[in-house]
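So you can see what is in the structure, the chains are spelled out below.
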Amino acid sequence: MAVSFHVLGAVGVSVGEDFRPLRSAMARGLLACLALRANQFVSGPQLRAALWRTPPASASSNLRTYVASLRRCLEAADHRLTARLSHVRGRGYRLSGDPCEFDHLVFRDLARTGRQQLDAGDAQAAIESLTRALAMWRGPAGEDVPPDSHVREQLQALNESRITAEEDLAEARLVRGVDCHLVADLRMHITQHPLRERPYALLIRALYLSGNPASALEVYGRVREVLAVRLGTDPGPELQRVHRAVLQHDEAALRAPRAR
């Protein structure tokens, strides 16, 4: 029985290729909260704090309703899954499973492996690991949980990890050798995250290494203006280092992975 608990996109559970979403948004929030702390007991007060910014007077009874809804979803997917959701008085609720059954844990493991491979100088292996990690995503983490719940804030950390993994993948591609799509992919990434300095540094390096130093310098001028106008700051050390390398035509420095 191939089981997966999903939070990297719509929240739900799948058995094989059969994805089962939960109809109740609050039950989806509950599943996300338990999945984020897989194989750990989460107390009733912790769950209520995660699901409501200001818990209603009926929060305890509502929580039991959402637990029942989650149990029904698990049973509908496969009756054996109901044993995965356990409750111990005084300790709380626990969602159990192998780490490989939780998509966010698989993603984190692959992303961490990819970073280690990149640091070790194995760009091709890093590309393979990071590509597999990013393939786990089907949308923003917990995109269908209640927007005003604290669990949404916890899921935001996963979204940040996804952005970092995308940038790690771009760096691995650059270290291996600039491919024909890298510059366009980095420009799109910057459009989505215009205040992150690392993708600008990667774009400058990619442009220079693909034989376009004038465009590389133009990008540096643009990011310096963006940071000054929107944040009132100057480019950070990494951008300044890349800028110096372009001016000095230091191709080795521009090709090497950034120091961590």
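Attention here is on the structure that accompanies the text. What you are looking at is a predicted structure, and each value in this text was computed from that prediction instead of being measured. (Residues numbered from 1 in each chain as written. Predicted model: local features only at pLDDT ≥ 70, side-chain atom pairs only at ≥ 80, totals over all residues. Heavy atoms only, no water.)

### Description of the packing of helix H4 (residues 103–119) against helix H5 (residues 123–134)
- Between H4 and H5, whose axes approach to 8 Å, the crossing angle comes to 160°. Between H4 and H5, the angle is such that the two are roughly antiparallel. In this structure, the crossing between H4 and H5 has a hand that is left-handed. From H4, Phe107, Leu110, Ala111, Thr113, Gly114, Gln117 and Leu118 reach across to H5, where they touch Ala125, Ala126, Ser129, Leu130, Arg132, Ala133 and Leu134.
- Each residue belonging to the contact of H4 with H5 can be placed in one class, and the counts come to 9 nonpolar, 4 polar and 1 charged. (Axes fitted to C-alpha atoms, helices over the stretch in contact; angles between N-to-C directions. Helix = DSSP H or I, 4+ residues; strand = E, 2+ residues; numbered from the N terminus. Parallel < 35°, antiparallel > 145°, perpendicular 65-115°, else oblique. Left-handed = near helix turned anticlockwise from the far one by under 90°. Contact = heavy atoms within 4.5 Å. Nonpolar A, V, L, I, M, F, W, Y, C, P; charged D, E, K, R; others polar.)

### Examining the sheet that holds strand S3 (residues 18–21)
- Strand order in this open sheet of 3 strands is S1-S2-S3, and the pairing throughout is antiparallel. Lying at the two open borders of the sheet, with one neighbouring strand each, are strand S1 (3–6) and S3. On average, each strand axis in the sheet is tilted by 20° relative to the strand beside it, whichever way the strands run.
- The pairing of strand S2 (residues 12–15) with S3 spans 4 bridges and is antiparallel. Within S3, the residue paired with Val13 across the bridge is Arg20. (Pairing = 2+ DSSP bridges.)

### Some points on the pattern of salt bridges
- Counted by the stated rule, this structure contains 17 salt bridges.
- Of the charged contacts, one joins Arg80 and Asp78 as a salt bridge, the two residues approaching to 2.9 Å between their closest N and O atoms.
- In this structure, Arg173 engages Asp179 in a salt bridge whose closest nitrogen and oxygen atoms are separated by 2.8 Å.
- Via salt bridges that share partners, Arg115, Glu160, Glu167, Asp168, Glu171, Arg196, Arg198 and Arg205 belong to a single interconnected network. (Salt bridge = Lys/Arg side-chain N within 4 Å of Asp/Glu carboxyl O.)

### Some points on unusual backbone geometry
- Within the chain, Asn39 stands out as a residue other than glycine whose phi angle is a positive 65°.
- Locating Asn39 in the fold gives a position in the loop between helix H1 (25–36) and helix H2 (44–51).
- The phi dihedral of His249 is positive, around 55°, even though this residue is not glycine.
- One can find His249 in the loop between helix H10 (237–247) and helix H11 (251–255).
- Note on His249: relative accessible area 55%, which makes it exposed. (Buried < 20%, exposed > 50% of the residue type's maximum accessible area, 1.4 Å probe, protein only.)

### Considerations on helix H7 (residues 182–192)
- Burial in H7 covers these residues: Leu182, Val183, Leu186, His189 and Ile190. Projected down its long axis, H7 shows its buried positions confined to an angular sector of 120°, all on one face.
- Against the buried residues of H7 lie helix H6 (150–176) and helix H8 (197–209). (Arc of directions from axis to C-beta.)

### Describing the state of the cysteines
- In this structure the tally under the stated criterion is 0 disulfides.
- Here Cys33 is not cross-linked by a disulfide; its sulfur's nearest cysteine counterpart is in Cys73, at 17 Å.
- For Cys33, a relative accessible area of 4% corresponds to the buried category. (Disulfide = S-S within 2.5 Å.)

### Focus: the packing of aromatic side chains
- Under the defined criterion, the tally for this structure stands at 3 aromatic pairs.
- Consider the rings of Phe5 and Phe102, whose centres lie 5.0 Å apart with planes at 20°: the pair is stacked. Here Phe102 lies in the loop between strand S5 (92–95) and H4 and Phe5 lies in strand S1, a separation of 97 residues in the sequence. Each member of the pair, Phe5 as well as Phe102, carries the same accessibility label: buried.
- Summarising the aromatic geometry, the rings of Trp52 and Tyr66 are spaced 6.1 Å apart at their centres and angled 35° between planes, so their arrangement reads as tilted. Within this pair, whereas Trp52 is found in the loop between H2 and helix H3 (59–77), its partner Tyr66 is found in helix H3, the two being separated by 14 residues in sequence.
- When its relative accessible area of 15% is taken as the criterion, Tyr66 is described as buried. (Phe/Tyr/Trp six-rings, centres within 6.5 Å; stacked < 30°, edge-to-face > 60°.)

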